[in-house]
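Per-entry structural report
Residues per chain, in single letters:
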There are 4 protein chains.
Amino acid sequence: MRSPTTTRLLEAFHIVRNQTESLAAPLSPEDQTAQSMPDTSPTKWHRAHTTWFFETFVLDRFVPSYRPFDPDFNYLFNSYYDAIGDRHPRAQRGMVTRPTATEVGDYRRVVDIAVAELIESIESEDEEAQLAEVIQLGLHHEQQHQELLLMDIKHLLSLNPTEPAYAAEPKIESRDPGPLEWVEFAATTSAIGLAPDEGFAFDNEHPRHDQLIRPFALADRLITAGEWLDFMADDGYHRPDLWLSDGWQTRGAQEWEAPLYWKTSSSGWELHTLTGTRPVDPNEPVCHVSFYEADAYARWANARLATEFEWEHAAQVTDSSPASREVHLHPGVTSSNSSTVELKQMFGECWQWTESAYRPYPGYTAPPGAIGEYNGKFMINTMVLRGSSAFTPDGHARVSYRNFFHPGTRWHLSGVRLAKDLNEQ
Amino acid sequence: MRSPTTTRLLEAFHIVRNQTESLAAPLSPEDQTAQSMPDTSPTKWHRAHTTWFFETFVLDRFVPSYRPFDPDFNYLFNSYYDAIGDRHPRAQRGMVTRPTATEVGDYRRVVDIAVAELIESIESEDEEAQLAEVIQLGLHHEQQHQELLLMDIKHLLSLNPTEPAYAAEPKIESRDPGPLEWVEFAATTSAIGLAPDEGFAFDNEHPRHDQLIRPFALADRLITAGEWLDFMADDGYHRPDLWLSDGWQTRGAQEWEAPLYWKTSSSGWELHTLTGTRPVDPNEPVCHVSFYEADAYARWANARLATEFEWEHAAQVTDSSPASREVHLHPGVTSSNSSTVELKQMFGECWQWTESAYRPYPGYTAPPGAIGEYNGKFMINTMVLRGSSAFTPDGHARVSYRNFFHPGTRWHLSGVRLAKDLNEQ
Amino acid sequence: MRSPTTTRLLEAFHIVRNQTESLAAPLSPEDQTAQSMPDTSPTKWHRAHTTWFFETFVLDRFVPSYRPFDPDFNYLFNSYYDAIGDRHPRAQRGMVTRPTATEVGDYRRVVDIAVAELIESIESEDEEAQLAEVIQLGLHHEQQHQELLLMDIKHLLSLNPTEPAYAAEPKIESRDPGPLEWVEFAATTSAIGLAPDEGFAFDNEHPRHDQLIRPFALADRLITAGEWLDFMADDGYHRPDLWLSDGWQTRGAQEWEAPLYWKTSSSGWELHTLTGTRPVDPNEPVCHVSFYEADAYARWANARLATEFEWEHAAQVTDSSPASREVHLHPGVTSSNSSTVELKQMFGECWQWTESAYRPYPGYTAPPGAIGEYNGKFMINTMVLRGSSAFTPDGHARVSYRNFFHPGTRWHLSGVRLAKDLNEQ
Amino acid sequence: MRSPTTTRLLEAFHIVRNQTESLAAPLSPEDQTAQSMPDTSPTKWHRAHTTWFFETFVLDRFVPSYRPFDPDFNYLFNSYYDAIGDRHPRAQRGMVTRPTATEVGDYRRVVDIAVAELIESIESEDEEAQLAEVIQLGLHHEQQHQELLLMDIKHLLSLNPTEPAYAAEPKIESRDPGPLEWVEFAATTSAIGLAPDEGFAFDNEHPRHDQLIRPFALADRLITAGEWLDFMADDGYHRPDLWLSDGWQTRGAQEWEAPLYWKTSSSGWELHTLTGTRPVDPNEPVCHVSFYEADAYARWANARLATEFEWEHAAQVTDSSPASREVHLHPGVTSSNSSTVELKQMFGECWQWTESAYRPYPGYTAPPGAIGEYNGKFMINTMVLRGSSAFTPDGHARVSYRNFFHPGTRWHLSGVRLAKDLNEQ
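A quick note: this is a predicted structure, and the numbers were derived from the prediction, not measured.

Cut-offs used in this document
- Residues numbered from 1 in each chain as written.
- Chains lettered and ligands numbered in written order.
- Predicted model: local features only at pLDDT ≥ 70, side-chain atom pairs only at ≥ 80, totals over all residues.
- Heavy atoms only, no water.
- Pairing = 2+ DSSP bridges.
- Helix = DSSP H or I, 4+ residues; strand = E, 2+ residues; numbered from the N terminus.
- Contact = heavy atoms within 4.5 Å.
- Axes fitted to C-alpha atoms, helices over the stretch in contact; angles between N-to-C directions.
- Least-squares fit on C-alpha atoms with pLDDT ≥ 70 in both.
- Phe/Tyr/Trp six-rings, centres within 6.5 Å; stacked < 30°, edge-to-face > 60°.
- Buried < 20%, exposed > 50% of the residue type's maximum accessible area, 1.4 Å probe, protein only.
- Lys NZ or Arg CZ within 6 Å of the ring centre and 35° of its normal.
- Patch = residues over 30% accessible without salt bridge, like charges linked within 9 Å, V, L, I, M, F, W, Y side chains within 5 Å.
- Areas by Shrake-Rupley, 256 points an atom, 1.4 Å probe, with all protein chains shown as cover.
- Salt bridge = Lys/Arg side-chain N within 4 Å of Asp/Glu carboxyl O.
- Lys, Arg positive; Asp, Glu negative; His and termini not counted.
- Charge placed at Lys NZ, Arg CZ, Asp CG, Glu CD.

Glancing now at the sheet that holds strand β1 (residues 182-185) of chain A. Sheet strands pair via backbone hydrogen bonds, and the direction of the pair is either parallel or antiparallel. All names here are of chain A. Taken in spatial order, the 4 strands of this open sheet run β1-β4-β13-β8, and their pairing is antiparallel. Across the chains shown, the open sheet's two edge strands, defined by having one partner strand only, are β1 and β8 (304-305). Along the sheet, helix α9 (residues 308-317) makes contact with β1, β4 (216-219) and β8, crossing β4 at roughly 80°.

Quick look at the structure:
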């Protein structure tokens, strides 16, 4: 008879694995093959790589008799795990037309069956705990790739002049979010990061440690597309005094005049989305801006971005937490119908750039072995984003979650929440 | 009742159009989508572009009621015809995942039916002649793309670490071709290029005109892989005195140590081919060398490449002409069993680099309109190759044919035939 | 009669301005003209740009009748002050052969005389204070450029195959520094940054604010070249597990196998220095390493780099402060002859990479106007270095000083001081 | 007593060597050091490289006791002579600040004295002939570098925003050249290239050989800047049908809208010249256009460029030959005051692009050894220019001279002379 742990693990495993296939379902083999830029990966690759993770870290380790589905796949679908062996150059992923999307589906099924059998066959509690730990990591890893899959396919489809849609989804009704309000926080010392017994967290959310918080205020909502249009109208993309030096250069080299996916048409600014191209809605949160743009906007608005500690502290003290929800294909509009000022859109719409460089927490150590090559090695030249986005799978968001990207990238669902200093009393 | 001309035209149309689909048949949608480098195109694109040609230059012109299959296709599948309108950047062809390979098949069928109906419905002889001319051009254009399709898919599959084969084909039995012999030609004035009434030719083969021929000798066969290994063993890739200056730089930048698709293994040099990877056969003609390499080899061998005029003159006076044959997946070996010295391998194995820059013949004029953007605009920085290759479709080769590539490219089936000066008597 | 303030200001002005000319004196007009890479500037440019600072921010502002020495110079010798107007592209500075080095000398003299006259003529105390503030900033700015001048000329001379020396200087006697010892520091809250009344500091050292310090230990000296050779011998440059991801890529792209300026010779590793090429001394501190290399070394050594707060706190509590000293042409060796463990080489040898990203202190605001474009705009993608180097001019170093560079640059005198966590008691 | 040959040789040697120093005289050490792009070289380098030629090919060979001035110079000032040994990367020539310009002057004097002594000391006629041959080659080589020196310094000064002049020279009076007229030539067979006894020629002008000439007409003068303005006004830079494919790409990538050195001002088009910036004179010949532009212009004008054989034939039969003249700093205007139509501006104003690719003449062989690396290795991807320019030194031009550049370069004094086919009678 299965233990409740086993049952939960099996259920979670099936849910997450099936979710990946559901996200890929609207995509043809052609769609699943192309790689739009070195930062992105083909859908097919995401499906195979997440499977490779279970094959390598679960089956190879816990099932002595397991034979790899295809020995070449270790080379093709390893990503950054240098410790596991050579890997295929990431910019060349779109060249791997074989295995086909169908064969990747076979690979997934074979591995899923073997993992399910393994879960069911485990008898020792000790082994069950070990297995549960690595499967849990594998599922959170796969959820990350689910978000990447949507980001990446959005980018790929944007390069097709015919502007195809990924799928249909009703446009959320537009409502004026009303003026931005400030929520104030007093000086304190705050415990940041997840405590060991609070559930799953990536290594980079540990160890929990104290941070000094100075008095600050946080905007109650995200900056809207309409507010961004004001920034553009005030020449925000052409005033070097608003920009960091590297940002100014990037802006020039990449000829930014608006957020990614915006383009002008005869009737005004339009937006490429996963549901097709449509006019920019001034009420929706601005999305697909780089850290450089977010930072310039904040300077223009006489404000700043929050530190990641301020953000986490604010979420803690206001009991903000992600609601259970389906993945959406676009960030939604918030309403102003609340009678009290509260933090809105903390989760589920746009990731929020912080002013914190992505660096290890005091006392951080990466796990030993290949799994340790997960987060630590990206702790340079990247900035932390907090919250979650419309693309984030259900169950993947949490208050302590640290997302990160280079300050000049824009293909992620990243928006802007302002902060400002309060005078110390 | 159909005229014999109509019947022949219909038959030719079906043969060539079906041949393209046969060549694409072994390829999955994934294989047909990827673009391996800016010089190449996806299979799907070749299939669609050749169809677009008939839609644009035949149906749009001769069938007033014709409605384009999809108006976007004019943008997506136009290639270099700037006169027809904007076109999709060629390096981005791999990003166009939609239309799918299946939809491109539908496109082909719809256009084929419309063209066939048009051919059958023509009544005036004058119109028939006009139609035949443009269809004939379209078919020769499609045959060029059939060769490109094979070149391009060979390159794409070479980037897959699993080294997949395109298809199976029996390896031709290896035979020692024997020592290279010289065929001598006396000084004369020779008429070069096709005369107006000799059948179809591209614009660049006109006008027929005289060229002075000095006494020269032409090698009776192509240089073999075994002879190329001698060049390599004699440090041919590391002696700047053998190379043109631009070639020496290209060699360094691209780190050439052997022809394209050659790689070392524990048991010697191996070769990527459309039928898989196998050892280099010293008897087979060397292939996939750039002009720079061919020129360096010739200098090393105390010889030179022929001018394109010498090559054509030699072909004329020896009555060399292409045999009717199927497309092969690899150039074959020649035998030495002839008792007399004669020119072998002039057609059907490897294109032969000449020492002639690709420039217009005296009096050349491009046809008016978009069709004129066919050949003339590439008459710079390119060198002429003569003959044909294993990939050249049946009926596409002829003595006056001028192929051309930049001197540093290697993904075409290009080999080496030596020439040398003879003393004038 | 001059006030003591005026006298001190005049004296400081002459000392710093003359020091620049002394540093340039060994360099021919040819040496002063070339720019070795976009990161560096010609000597001539440094001499002119520092002069332009006084012309623009002092003479233009305080001397209404002042006429610019040459109106073109505002365009040529403005650096990053976008607010002042267009500026000459920084990568093109080596193309500006006119004005000549001699004319730049004339420019310096004219501006020096005008500034000195201005200082002497000031009567109001208020104006004197304003003037003193901007002149002081100008002098510290010029001292920064003195260090850059030496860094830049070192890089330029390294590109000359004849390996010329900038000047002669006696090699410091080599002594074994003995084993590395650890100096321990207890948990506390520490005030970081300079207080307003503690003397001159750049804007980025403000505001003074509290930081939590966890228990840590700091190495008593810099890592030596000998210790670096151990890292190299243990394959440190070829183990991806030791490197940050961006660092690993940079290492590969730039083919790093050793610190900048090291090269192999038949008798072992040699070093390009301003006094010529000589063997690497295992006792000298390793220098010219990037953050990526310093970080990889620390990981290899089971340690880490200090945060900039730990470094400043350690300097404060141990009363470390820079000694008054001349500029040296190479970092020196330390000795182990102290009977007690103490922090050595904190100043005057090599800048020390910290693990802190260069970001604004809480409450930081850039000064208004063009002078505010000084430090804040570089607070992205850069890491903080603390201490000072052999090239740092006398009087320019201080405990709160924040130097910064991109993590992949190496032409600065940057070395490694290790830190490690202590268990909290 | 000196033989007349010796006397002439000595005189020629002094004239050419002094001419180089005269051309460098207006340039400061700073001007002589910078390299503006990989295609160009510093003045200092030209002065040293031409001296190195005499040291290597004359003194090392004919004076057994000769010791090199500086052994490093063989590495620093060798250019493309790979056979002589490694050489300094050409794009890094601007980094070699030492030796100084003064030291290069010393180098020149020492070598000049040694060569002069050698010439005077030769006793055997045989040795005199050998010596004369290589010195003559060295002098023609140096004259080529004199033209390059002016081209290169013009380019360098153009990058200085202050637009400095190299020297003063009276502007030639502007005169309307009148309408372009055509000079006709009948079909014939023409001997091309210099015969062995006709005086000095580079290897690429040999062997003399026959070329078929078809009936053609040649424009009597160069295209003027005014005519070029018509081409620009007719959208010549924006019509892809006028351009070769590689040219269209280059135009786009380099954003060409006019010839090199042209720029718009409030009062119209201006021109950077060695004598400063001034308005474009519609009567002067257009200059600094690439082959791509020249070819597009010719197509626009319903004409073509001449082949190099047509050009040489036309010069032969019209007895065109270069007049003895000083170097000018800008190409001049021609007049229309001749009552008969004749070929004007064949020499001394702008080199004239031909439609001929630069390839070896039939039977061409490069001289053995390092001197053979002179011309042959550039016979690819380059187009022939005929005539000479304002910068060409006296005595360096001749009817058979073949100049050559890549079709996309523009820093040479290159202009346009049209040709057209005549109907065969």
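What follows covers the relation of the copies chain A and chain C. Relating one copy of the chain to the other takes a rotation about an axis and a shift parallel to that axis. Here chain A sits on chain C after a turn of 180° about the axis and a move of 0.0 Å along it, with an RMSD of 0.0 Å. As the rotation angle and translation indicate, the two copies are arranged about a two-fold axis. It is Asn381 of chain A whose C-alpha, among those of chain A, lies nearest the rotation axis, at 2.5 Å. Here 97% of the interface residues in chain A have copies in chain C that are interface residues too; the copies meet face to matching face.

A few words now on the packing of aromatic side chains. Scanning the entire structure with this criterion turns up 112 aromatic pairs over all chains. On the basis of an interplanar angle of 75° and a centroid distance of 4.8 Å, the ring pair of Phe73 of chain B and Tyr107 of chain B is categorised as edge-to-face. Remark: Tyr107 of chain B occurs in helix α4 (residues 101-121) and Phe73 of chain B occurs in helix α3 (residues 73-77); sequence separation between them is 34 residues. Their ring planes at 50° and their centres at 5.8 Å tell us that Tyr237 of chain D and Trp243 of chain D sit as a pair that is tilted. A residue is classified by how much of its surface remains accessible, and Trp243 of chain D, at 2% relative accessible area, is buried. Taken together, the ring pairs in this structure connect Trp228, Phe231, Tyr237, Trp243, Trp248, Tyr297 and Trp300 of chain A into an aromatic cluster. When the ring centre of Trp248 of chain B is taken as reference, the NZ or CZ atom of Arg251 of chain B above it lies at 3.9 Å.

Residues Glu255 and Glu257 of chain A together with Glu255 and Glu257 of chain D make up a contiguous surface patch of negative charge. Within the fold, Glu257 of chain D resides in the loop between α7 (245-254) and β5 (262-265).

Moving on, we come to the sheet that holds strand β5 (residues 262-265) of chain C. Residue and element names in this part refer to chain C. What the 3 strands build is an open sheet, ordered β5-β6-β7; its pairing is antiparallel. Edge positions in the sheet fall to β5 and β7 (276-279), since each has one partner strand and no second. When strand polarity is set aside, the average angle formed by the axes of neighbouring strands in this sheet is 35°. Judged from the 4 bridges that link them, β5 and strand β6 (residues 268-273) form a sheet pairing that is antiparallel. From the neighbouring strand, Trp262 faces β6, where its bridge partner is Leu271. The strands that helix α6 (residues 225-233) touches are β5 and β6; relative to β5, the one it contacts most, it runs at about 70°.

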